[in-house]
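These are the residues of each chain, in order.
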Amino acid sequence: GENVEQHPSTLSVQEGDSAVIKCTYSDSASNYFPWYKQELGKRPQLIIDIRSNVGEKKDQRIAVTLNKTAKHFSLHITETQPEDSAVYFCASPTGRRALTFGSGTRLQVQP
Amino acid sequence: EAEVAQSPRYKITEKSQAVAFWCDPISGHATLYWYRQILGQGPELLVQFQDESVVDDSQLPKDRFSAERLKGVDSTLKIQPAELGDSAMYLCASSLGGNTEAFFGQGTRLTVV
C-alpha cells in the first residue's frame with residue numbers, strides 16, 4: 001500500500017519567516033496530493049492540493065510543489081503568522097483508495 | 001455551508017462494553033470514510049464506502065469493529081468489545097469520490113477506561 005513520510009515532525013519559526021514541510025510517497029501511480037491543516041481540537045481541513053499534471057500551485061501565502069520523478073511534494077508557507085500555528089498533514093491516495101496521511105508536522109509561529 | 005455531522009462528540013466507555021458512532025455525510029457525497037486518529041498522529045483509514053458498498057476495510061479490526069452504510073447515506077461504526085487501546089478520535093469524512101476533497105466531521109473522541 002501507499003506509504004507517506006513527512007518531516008519535520010515539529011517546526012518553530014519566527015513570525016514573518018517562511019516554513020517548508022516535505023513529504024515523500026511510495027506509489028508512483030499517485031496523482032493527487034492534498035495538504036490538511038488541523039488546529040488543536042478541531043477537524044482536519046484542506047488548505048491546498050495539487051494534481052500530478054502540474055508542478056506548482058499557489059494560493060496567497062501558501063504554495064505546494066510536486067516532483068513526480070523524486071516522488072516528493074512540499075508545502076511552503078510565506079510570511080507566517082501566529083494563526084498559522086497548527087498541525088499540518090500531507091496525504092496521497094492510491095487509485096480508488098482513500099487518502100494515506102503523513103504523520104504530521106506541528107508548526108509553531110513565534111510572535 | 002454543508003458539513004459532515006458526527007455524534008456523539010465525546011464518549012467514555014468501560015472496556016468490554018459496546019460503543020457506536022454515527023456519521024451523516026454531506027448530501028450527495030457517495031464516498032464515506034471512517035478514520036481513527038491517535039493523539040499526535042495522522043488519521044488512519046478504517047473503512048471506505050462507495051454508496052452502500054465497502055471499498056476498503058483492510059485496516060478494520062474485524063474481530064471487534066463493524067461498519068455499515070445501509071442506505072448509502074449515513075453510517076454507523078461499532079466497537080464491541082471496546083479495549084483500552086481503542087481510545088482515540090474517530091473521524092468521519094465524505095467526498096464526491098475520486099481525487100476530490102475529503103471533508104471531515106468534528107469527530108468523536110472515545111475514551112475507554
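Data block above holds the structure.
Residues numbered from 1 in each chain as written. Chains lettered and ligands numbered in written order. Predicted model: local features only at pLDDT ≥ 70, side-chain atom pairs only at ≥ 80, totals over all residues. Heavy atoms only, no water.

A. Representation of the interface of chain A and chain B within the structure. On the side of chain B, 22 residues touch chain A, which itself brings 19 residues to the contact. Summed over both partners, the interface of chain A with chain B comes to about 1,700 Å²; 45% of that surface belongs to carbon and sulfur atoms. The interface formed by chain A and chain B holds one salt bridge in total. The closest approach of N and O atoms between B:Glu3 and A:Arg43, which form a salt bridge, is 3.5 Å. Seen at the junction of chain A and chain B, the total is seven residue pairs in polar contact (both at pLDDT 80 or more). Elements that contribute at least two residues to the side of chain A that touches chain B include exactly strand E4 (32–38) and strand E5 (45–51) of chain A. When its residues are assigned to classes, the side of chain A that touches chain B shows nine nonpolar, five polar and five charged. (Contact = heavy atoms within 4.5 Å. Buried area = accessible area lost by both parts, 1.4 Å probe. Salt bridge = Lys/Arg side-chain N within 4 Å of Asp/Glu carboxyl O. Polar contact = N/O pair within 3.5 Å; in protein donor to acceptor, adjacent residues only side chain to side chain. Helix = DSSP H or I, 4+ residues; strand = E, 2+ residues; numbered from the N terminus. Nonpolar A, V, L, I, M, F, W, Y, C, P; charged D, E, K, R; others polar.)

B. The arrangement of the sheet that holds strand E8 (residues 72–77) of chain A in detail. Residue and element names in this part refer to chain A. Read across the sheet, five strands follow the order E1-E3-E8-E7-E6 without closing on themselves; strand pairing throughout is antiparallel. In this open sheet, the two strands that pair with only one neighbour each are strand E1 (4–7) and strand E6 (56–59). Across the sheet, the mean angle separating the axes of adjacent strands is 15° when strand polarity is ignored. Across six bridges, strand E7 (residues 62–67) lies against E8 in antiparallel orientation. Each bridged residue has a counterpart across the sheet, and for valine 64 the counterpart in E8 is leucine 75. (Pairing = 2+ DSSP bridges. Axes fitted to C-alpha atoms, helices over the stretch in contact; angles between N-to-C directions.)

C. Seen up close, the pairing of strand E11 (residues 105–110) of chain A. Residue and element names in this part refer to chain A. The two faces of E11 differ: Thr105, Leu107 and Val109 on one face are buried, but Arg106, Gln108 and Gln110 on the other face are not. The pairing of strand E2 (residues 10–14) with E11 spans five bridges and is classified as parallel. Bridge pairing links threonine 10 to arginine 106 in E11. (Buried < 20%, exposed > 50% of the residue type's maximum accessible area, 1.4 Å probe, protein only.)

D. Representation of the state of the cysteines in the model. As enumerated under the stated definition, the model contains two disulfides over all chains in all. For A:Cys23, the disulfide goes to A:Cys90, at an S-S distance of 1.9 Å. As the torsion about the S-S bond is roughly -90°, the A:Cys23-A:Cys90 disulfide counts as left-handed. One end of the pair, A:Cys23, is in strand E3 (residues 19–25); the other, A:Cys90, is in strand E9 (residues 86–92), and 67 residues separate them in sequence. Accessibility assignment for this pair places A:Cys23 and A:Cys90 in one class, buried. Between the sulfur of B:Cys23 and that of B:Cys92 lies a disulfide, 1.9 Å long from S to S. Taking the torsion about the S-S bond as the criterion, the B:Cys23 to B:Cys92 disulfide, at about -70°, is left-handed. Here B:Cys23, found in strand E3 (residues 19–24), pairs with B:Cys92, found in strand E9 (residues 88–95); they are 69 residues apart in sequence, far enough to count as distant. The buried category is assigned to B:Cys23, whose relative accessible area is 0%. (Disulfide = S-S within 2.5 Å.)

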